[in-house]
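Secondary and tertiary structure notes
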Amino acid sequence: MTSTPTSTPMSTPASAPHSFQVDLRGLVDLLSHHLYSSPRVYVRELLQNAVDAVTARQAIDPEARTGIRLSASGGRVTIEDSGIGLTAAEAHSFLATIGRSSKRGSGDELHDQALEATRREFLGQFGIGLLACFVVARQIRVVTRSARDPQAAPVEWLATDDGSYTVRELPHAARPEPGTTVVLEARPGAAEWTVPAKVEELARDYGSLLPYDITFDDGEGGEPRPVTDRPAVWERAFPTPAARRVALAGHCAELFGFTPLDSIDLDLPVAGVRGVAYVLPDPTSPAHRAGHRVHLKGMLLTQRADNLLPDWAFFVRAVIDTDTLRPTASRENLYDDETLSAVREALGARIRGWLAELAASDPDRLAAFLRVHHLGVKSMARHDSELLGLMLPWLPFETSAGSMSLQEFAAAHTDIHFTRTVEEFRQIAPIAAAHGLGVINAGYTYDADLLALLPSVRPELKVTELDAGAVTERLDPVPTAAELALAPFLATARSRLEAQSCDVVLRAFQPVTVPALYLDDRQARQERDRTAAMESADSLWSGILGALRGSAPRARLVLNHNNPLIRRISGLQDEALTGTAVESLYGQALLMSQRPLRPADSALLNRAFLGLLEWATHSTAHPTDARDGEEDQK
Ligand SMILES: Nc1ncnc2c1ncn2[C@@H]1O[C@H](COP(=O)(O)OP(=O)(O)OP(=O)(O)O)[C@@H](O)[C@H]1O
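Attention in this report is confined to the structure presented alongside it.

Conventions and cut-offs
- Residues numbered from 1 in each chain as written.
- Predicted model: local features only at pLDDT ≥ 70, side-chain atom pairs only at ≥ 80, totals over all residues.
- Helix = DSSP H or I, 4+ residues; strand = E, 2+ residues; numbered from the N terminus.
- Buried ≥ 20, exposed ≤ 12 C-beta atoms within 10 Å, placed from the backbone.
- Contact = placed C-beta atoms within 7 Å.
- Pairing = 2+ DSSP bridges.
- Axes fitted to C-alpha atoms, helices over the stretch in contact; angles between N-to-C directions.
- Arc of directions from axis to C-beta.
- Expected span 1.5 Å × (residues − 1).
- Core = buried A, V, L, I, M, F, W, Y, C linked by C-beta atoms within 7 Å.
- Parallel < 35°, antiparallel > 145°, perpendicular 65-115°, else oblique.
- Left-handed = near helix turned anticlockwise from the far one by under 90°.
- Nonpolar A, V, L, I, M, F, W, Y, C, P; charged D, E, K, R; others polar.

Details of the overall build of the protein chain
A tally of regular secondary structure across the protein chain gives 21 helices and 22 strands. Within the protein chain, the proportion of its 634 residues that are buried is 33%. For the protein chain, the proportion of contacts with a sequence separation of at least 24, taken over those separated by at least 6, is 68%.

What follows is the structure in structure tokens.
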């Protein structure tokens, strides 16, 4: 029997697994310069560990003391809690292993539910918090005694920023009660972060809403001062709604530095969110993202959260406390997950609810709000259909009946006309108003876009653009016989204004006091600009511009047959005087339309004005003087 040789792949025995080595200096540098935005976070980490330790102790010993004492003096920062404490083994394991935390399950426990449960309970979870203290400390000393194991001796854990630490047991008398004291020795160069006033300020900023009483002692011998200031203003009871409003306004001024137009309660019990949104008193660009203040179980997470509210809610700054949202590892922003997006939606709905309530019951306050924020609201409503539906009726527009909300305007006009430019509006609005036509000036930013969206919100309304041609068509024609009788006059007028590229038409319209209207639309204006450019261009360009001459409608001077002056002018026998009068009418109508004058228009106005003076003085002055004047002009 022969045995078949089996071939085994060449292999070398695996070496025993090695553990990663971590260079503490490198890690501290990483934390201080890249993870945390400022060394100030070390105070937050100290407070957070103390709060978590007290929470853990409460679970096994609800009678235990919960107060936390923070003090700073002589370059030393100390924090003392009566929390759960640590045994020597735990100190080795938790304090010296980067990334290890007692506040989350391990192994099998590390499924989502266990993680969620511990997250709900504790502030910490990453196992890197204490290290942040090396950003300001050269040495960290922890003296701790376990509450879980009363027989265990107190332990001293002493770590220096070179990455070494020692653990030793102390006599029972060194710390008779369970709990932990952490003492930081400031590193040279970081003294500014450990002076008492700074530590107190930081503790107040981060910890004012924490759930246990925290005091601060500056080592000057006075009474320790409270750091915590609970309940939050928005949760306090006030004798009257007015007193509450005043307190909230004061809170906003202290926190954000402005007195709010109004405050909106942000209360989402299911999502564990409570807080308030303050309405900015001054206009702000929607592109500027306001930073919101977010507390997580009382601890200030950030004052610059930019993802808490929908973009359209640019006009508020919010402060909230939550126990469901997750922090990022730097604990300086919110983790943008599904919970946050649901909370964002729900908070957006609260703010919309405030707007809806104002619209329904307090239009004056809504108007005051829109006086400040209408531009921003207009800009955002173009892209947010719910905001559009809610706000569009209330937004202010310039109309032929004055400045008013669309709602008011639509109450009088179901046919809504708009002009695309401010100039068109100025020409058209008075005439349109006299003819019972509602016109809105959509020449301002966002207004044309919004009017185009109006039928989607109010389908019963008809929105049409109005231009010069459409207006002329709506004015009453003059009876044919009358028009025929005036044909010679019209011919004179037309030839006189030919050089201005302007047609002359005769209509009968209101108000009778307006003798003539200068009407042009965008195409006519372009044509006018092209002609002006052609006149001042060199021969090459003038050739090209000339070739572009389109069949665009020309500007129109609409003479009002109802106007007595027009009646008189059209009956003049003196052709020269008729020409001067037509030029004067053109000039006056042009001035009324607030159009910029081209050089040719200024020359015409000049000529017409002097011509009229000439004529007016002609009959009283010596005839030769008038002729001299004519000579001078030549
Ligand atoms: N005051 C304290 N009392 C009891 N245990 C503490 C205290 N401070 C720290 N610890 C223990 O040390 C561990 C590590 O603390 P560290 O601050 O580094 O991380 P963490 O709080 O768990 O998480 P995070 O990185 O989110 O702060 C904690 O999980 C806790 O077990």
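Okay, back to it.
Re the sheet that holds strand β19 (residues 476-477)
The mixed open sheet is built from four strands, whose spatial order is β19-β20-β22-β21. The sheet is open, and its two borders are formed by β19 and β21 (516-519), each paired with just one other strand. Here β21 pairs with strand β22 (residues 555-560) via four bridges, running antiparallel. The residue of β22 that forms the bridge with Ala516 is Leu559. Of the strands in this sheet, β20 (502-508), β21 and β22 touch helix α19 (residues 575-592), which is tilted by about 60° from β21.

A word on helix α12 (residues 447-457)
Every buried residue belonging to α12 is among Leu450, Leu451 and Leu454, and all of these are buried. The buried residues of α12 occupy an angular sector of 100° when the element is viewed end-on, so they sit on one face. The inward-facing, buried residues of α12 contact α8 (363-381), α10 (406-412), β16 (415-419), β17 (439-441) and β18 (462-465).

Observations regarding helix α6 (residues 241-256)
Taking 1.5 Å of rise per residue, the 16 residues of α6 would be expected to cover 22 Å, and the 22 Å separating its terminal C-alpha atoms lies within 8% of that figure. Once α6 ends, the next one or two residues include Gly257, with phi positive near 80°.

Quick look at the nonpolar core
Core analysis: the biggest nonpolar cluster contains 138 residues, and Leu47, Cys133, Ala203, Val316, Ala318, Leu557 and Tyr586 have the highest contact counts within it. Of all the elements, helix α2 (residues 41-60) adds the most residues to this core, at nine residues. Residues in contact with Ala203, not counting those within four places in the same chain, are Val43, Leu47, Leu70, Ile214, Phe216 and Val227.

A word on the environment of Ser593
Relative to the helices and strands, Ser593 resides in the loop between α19 and α20 (599-618). Between the C-alpha atoms of Ser593 and Leu519, which are 74 residues apart in sequence, the distance is 8.2 Å. Setting aside anything within four residues of it in sequence, one finds Ser593 in contact with Glu423, Arg426, Gln427 and Tyr518.

Considering the packing of α2 against helix α5 (residues 196-207)
It is at 9 Å that the axes of α2 and α5 come closest, and there the two elements cross at 60°. What the angle tells us is that α2 and α5 run oblique. Two packed elements cross with a definite hand, and for α2 against α5 that hand is right-handed. When α2 is examined against α5, the residues Val43, Arg44 and Leu47 are found in contact with a partner set consisting of Val199, Leu202, Ala203, Tyr206 and Gly207. Here the residues of the contact of α2 with α5 sort into six nonpolar, one polar and one charged.

Some remarks on the sheet that holds strand β4 (residues 155-160)
Spatial ordering of the open sheet is given by β5-β4-β3-β6-β2-β1-β7-β8, a layout of eight strands whose pairing is mixed. Looking at the sheet topology across the chains shown, the edges are occupied by β5 (165-169) and β8 (225-226). Relative to strand β7 (residues 214-217), strand β1 (residues 68-73) runs parallel, the two being bridged by four bridges. Within β7, the residue paired with Leu70 across the bridge is Phe216. Along the sheet face, α5 touches β1, β2 (76-81) and β7 and points at about 150° away from the line of β1.

So, the packing of α19 against α20
Viewed as axis vectors pointing N to C, α19 and α20 meet at an angle of 130°, and their least axial separation amounts to 9 Å. Between α19 and α20, the angle falls in the class oblique. Crossing of α19 against α20: the hand is left-handed. Judged by residue contacts, Leu577, Thr580, Glu583, Ser584, Tyr586, Gly587 and Leu590 of α19 engage Asp601, Leu604, Leu605, Arg607, Ala608, Gly611, Leu612 and Trp615 from α20. Among the residues forming the contact of α19 with α20, the class breakdown is eight nonpolar, four polar and three charged.

Looking at the pairing of strand β6 (residues 179-186)
Inspection of the sheet shows β2 paired to β6 by six bridges, in the antiparallel sense. Looking at the pairing, Val77 lines up with Leu184 of β6. Where strand β3 (residues 137-145) lies against β6, eight bridges are found, and the strand directions are antiparallel. Note that in β6 the partner of Gln139 across the bridge is Glu185.

Some remarks on the environment of Gly298
If you trace the backbone, Gly298 turns up in the loop between β11 (292-296) and β12 (299-305). Taking the C-alpha atoms as reference points, Gly298 and Pro211, separated by 87 residues in sequence, lie 6.5 Å from one another.

Quick look at the pairing of β12
Counted residue by residue, β12 has five buried out of seven residues, so it is predominantly covered. Across four bridges, the pairing between β11 and β12 is antiparallel. The residue bridging His295 from the neighbouring strand is Leu300, located in β12. Counting the residues in the hairpin turn of β11 and β12 gives two residues, including Lys297, whose phi is positive at 45°.

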